[in-house]
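Secondary and tertiary structure notes
Each chain is listed here by its residues.
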Amino acid sequence: MVITLMITAIITHIAMDEAAPQVLPLFVWLSPSFPVGSFAYSHGLEWAIETGAIRDATSLAGWIDPFFDHGVLHNEAVLLNLGWRSARHGDTRAFADLNTLALALCPSRELHLETSQQGAAFLAAASAAWPFAALPSFQSCLDEEIAYPLAVALFAAGHGIAQQPLTEVFLMAFCGNLVSAAQKLAIVGQSEAQQMLAGWRTKIDALARFAVDAEESALGTCAYSADIASMKHETQYSRLFRS
Amino acid sequence: MEVPLLDRARGDIRLRYENYGGVTRPLHLFETGGLRMRHPRAQQGCVGVMVNSAGCILGGDHLSLAIEAGEKAEVAVTTLAAEKIHRTLEAPALLDLSFTLAERSTLSFLPQETIFFDASGLTRRLNVAMAEDAALLLVDMIVLGRLASGEDAITCRWSDSWRVHRGGRLIFAEESRMNGAVRGYFDQPSLGGGSRAIALLLAVAPDAEGRLDALRDRLEPFKSVCAYGVSAWNGMLVARFLATSPDILRKVLTVGIGLWREDAARLWQ
């Protein structure tokens, strides 16, 4: 009798979990106020703006648009979902390997800094406020560094957040951070920035759908100008951002 | 009745370099198919020159090169000519590169450029396993189209999957993908920005990061003709290049390689 009740309770719990996937934590974790310091990184935009490659809303959109299919947004979406699946399966080894790969794929020193510093800050803040049962087993298998999308994937999987909303909010936050950097550098105004973000909704939705089942072989970019911009940023004379 | 697949080329080189009392020599050379390794008298140490006797790479070809550098061996490997990737209706050609670097060995892989013809396809896999104190220098250049013949708006399929492990740990990975009309998307400003020649220089060695400023100084005179960036972290030095002209990029790379090798200007002649 007791066993039956327990099983019923477990089944009910699982069913509820499936029926009402959580999304609320996403709006905390991926908000600009979550203490990962995202405001300090421009992903090389500061250099592209310095050279005039980005000078207004149109050229800013033209710079970021290709990232969905051939640049950082594409890879981050794939890594996020690969990480989510290995974390969800409790596969600490696969998760650690993915993390190593994500860090090894960084094209420059500052882009490595951008992902590893935000990853470490996310891990620290989320571990304190949003722990979950399997967290210690993942913490013990990680090296000293964690890539940002993997840190987010770990907590999303741990809290049963579905992949599609996770990826959409993650990508929108990434775009939001890029646009906000451009805003600080006086390239776009407030309304233009918001219009740009709203305009990416379809692309974000499509990339998230693609990334949900994507395998490791789906990784791949050719955003060489953006990679070079992040390298050039290292020696930029006057700068606001760390990347 | 079995219908045989179109007979495509297979080429395979496996060899090991050893240091014999301060002189590096090739050993255990295995060659098959259209690939050969030659060792002409070199200016600086041991230099292997890979020859693809087919003169080109076609869809469905499968070529592989596996090199081991023994303890304290010092070797550079280049190619006799640019590698030309021909038009194909078949699967992309496959090129497998595998390098193993023992303690205190040096391996420089400095092939001439790879030229994609219109409607060509190439998949490359590179795997490096190196000791903590070994030194790797890798310079790779891609050209999109036979530019001299006016072929500057090609379609191609290119996929690179590179992994570099140092002391058993993955430290560098590169996943490059290009699939489609170059003019359609690669010309976008944050991707290729109108360039037709792309290069990557990767140095992994105990002294690699310390060469950051020296490489930047060397490249400085070319900043108006070639877009490039140089960066160093985690014991690596990485430089990326984009140029509209392959000839200029070859020159820039030669100057860059000169930081490591006095014979840089002679390597690609």
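Scroll up a little and you will see the structure.
In short, a report on the structure. Note that the structure is a prediction, hence the values are computed from the model and not measured.

1. Let's talk about the pattern of salt bridges
Residues and elements named next belong to chain B. In this structure the tally under the stated criterion is 28 salt bridges over all chains. Across the pair Glu-132 and Arg-166 runs a salt bridge whose closest N-O atoms are separated by 4.0 Å. In this pair, Glu-132 sits in the loop between β11 (120-130) and β12 (135-144) while Arg-166 sits in strand β13 (residues 155-166), placing the two residues 34 residues apart along the sequence.

2. Structural notes on helix α4 (residues 57-64) of chain A
Residues and elements named next belong to chain A. Across the 8 residues that make up α4, a large majority, 6, are buried. All buried positions along α4 are accounted for by Ala-57, Ser-59, Leu-60, Ala-61, Trp-63 and Ile-64. Buried-residue contacts for α4 involve α3 (45-51), α5 (67-70), α6 (72-88), α11 (163-184), α12 (190-199) and α14 (224-233).

3. What to know about the pairing of β12(B)
Sheet faces and side chains relate simply in a regular strand, where the side chains alternate between the two faces. All names here are of chain B. Within β12, 10 of the 10 residues are buried, which leaves the element mostly enclosed by the surrounding structure. The two faces of β12 match: Ala-135, Leu-137, Val-139, Met-141 and Val-143 on one face and Leu-136, Leu-138, Asp-140, Ile-142 and Leu-144 on the other face are all buried. Sheet topology note: the strand β9 (residues 106-109)/β12 ladder contains 4 bridges and is parallel. Bridge pairing in β12 places Ser-108 opposite Leu-137.

4. Quick look at the packing of aromatic side chains
Residues and elements named next belong to chain A. What the rule picks out here adds up to 15 aromatic pairs over all chains. Between Phe-34 and Phe-122, the aromatic rings sit 5.3 Å apart at their centres with planes inclined by 55°, giving tilted as the arrangement. Here Phe-34 is found in the loop between α2 (24-29) and α3, whereas its partner Phe-122 is found in helix α8 (residues 109-129), with 88 residues between them in sequence. Taking the relative accessible area as the measure of exposure, Phe-34 reaches 8% and is therefore buried. The exposure class assigned to Phe-122 is buried, which follows from its relative accessible area of 0%. On the basis of an interplanar angle of 50° and a centroid distance of 6.1 Å, the ring pair of Phe-68 and Trp-200 is categorised as tilted.

5. What to know about the nonpolar core
Counting residues in each nonpolar core, the largest one holds 136 residues, and the members touching the most others are A:Leu73, A:Phe122, B:Phe99, B:Leu144, B:Met178 and B:Phe186. For A:Leu73, the residues in contact, after removing those within four places along its chain, are A:Ile64, A:Phe67, A:Phe68, A:Leu171, A:Phe174, A:Cys175 and A:Leu207. Membership of the second largest hydrophobic core comes to 38 residues, among which are B:Ala135, B:Val139, B:Leu219 and B:Val252.

6. A look at the interface of chain B and chain A
Interface size, as often reported, equals the accessible area lost upon joining of the parts. Contact with chain B, which involves 35 residues of that partner, is made by 31 residues of chain A. Of the roughly 2700 Å² buried between chain B and chain A on both sides combined, carbon and sulfur atoms contribute 59%. When residues of chain B are sorted by the area they lose upon contact with chain A, B:Ser190, B:Trp233 and B:Arg240 head the list and together hold 23% of the total. Counting every contact that joins chain B to chain A gives 2 salt bridges. Residues B:Arg163 and A:Glu216 are paired through a salt bridge, measuring 3.6 Å at the closest nitrogen-oxygen approach. If one sorts the elements of the side of chain B that touches chain A by residue count, strand β14 (residues 169-181) of chain B sits on top with 10 residues. Of the residues contributing to the side of chain B that touches chain A, the split by class is 20 nonpolar, 8 polar and 7 charged.

7. Quick notes on the side chain of A:Ser225
Take A:Ser225: it is sitting in helix α14. Accessibility expressed as a relative area gives 14% for A:Ser225, which makes it buried. Beyond its immediate chain neighbours, meaning those up to four positions away, A:Ser225 contacts A:Trp63, B:Pro189, B:Ser190, B:Leu191, B:Gly192, B:Gly193 and B:Leu242.

Analysis parameters
Residues numbered from 1 in each chain as written. Chains lettered and ligands numbered in written order. Predicted model: local features only at pLDDT ≥ 70, side-chain atom pairs only at ≥ 80, totals over all residues. Heavy atoms only, no water. Salt bridge = Lys/Arg side-chain N within 4 Å of Asp/Glu carboxyl O. Helix = DSSP H or I, 4+ residues; strand = E, 2+ residues; numbered from the N terminus. Buried < 20%, exposed > 50% of the residue type's maximum accessible area, 1.4 Å probe, protein only. Contact = heavy atoms within 4.5 Å. Pairing = 2+ DSSP bridges. Phe/Tyr/Trp six-rings, centres within 6.5 Å; stacked < 30°, edge-to-face > 60°. Core = buried A, V, L, I, M, F, W, Y, C linked by side-chain atoms within 4.5 Å. Buried area = accessible area lost by both parts, 1.4 Å probe. Nonpolar A, V, L, I, M, F, W, Y, C, P; charged D, E, K, R; others polar.

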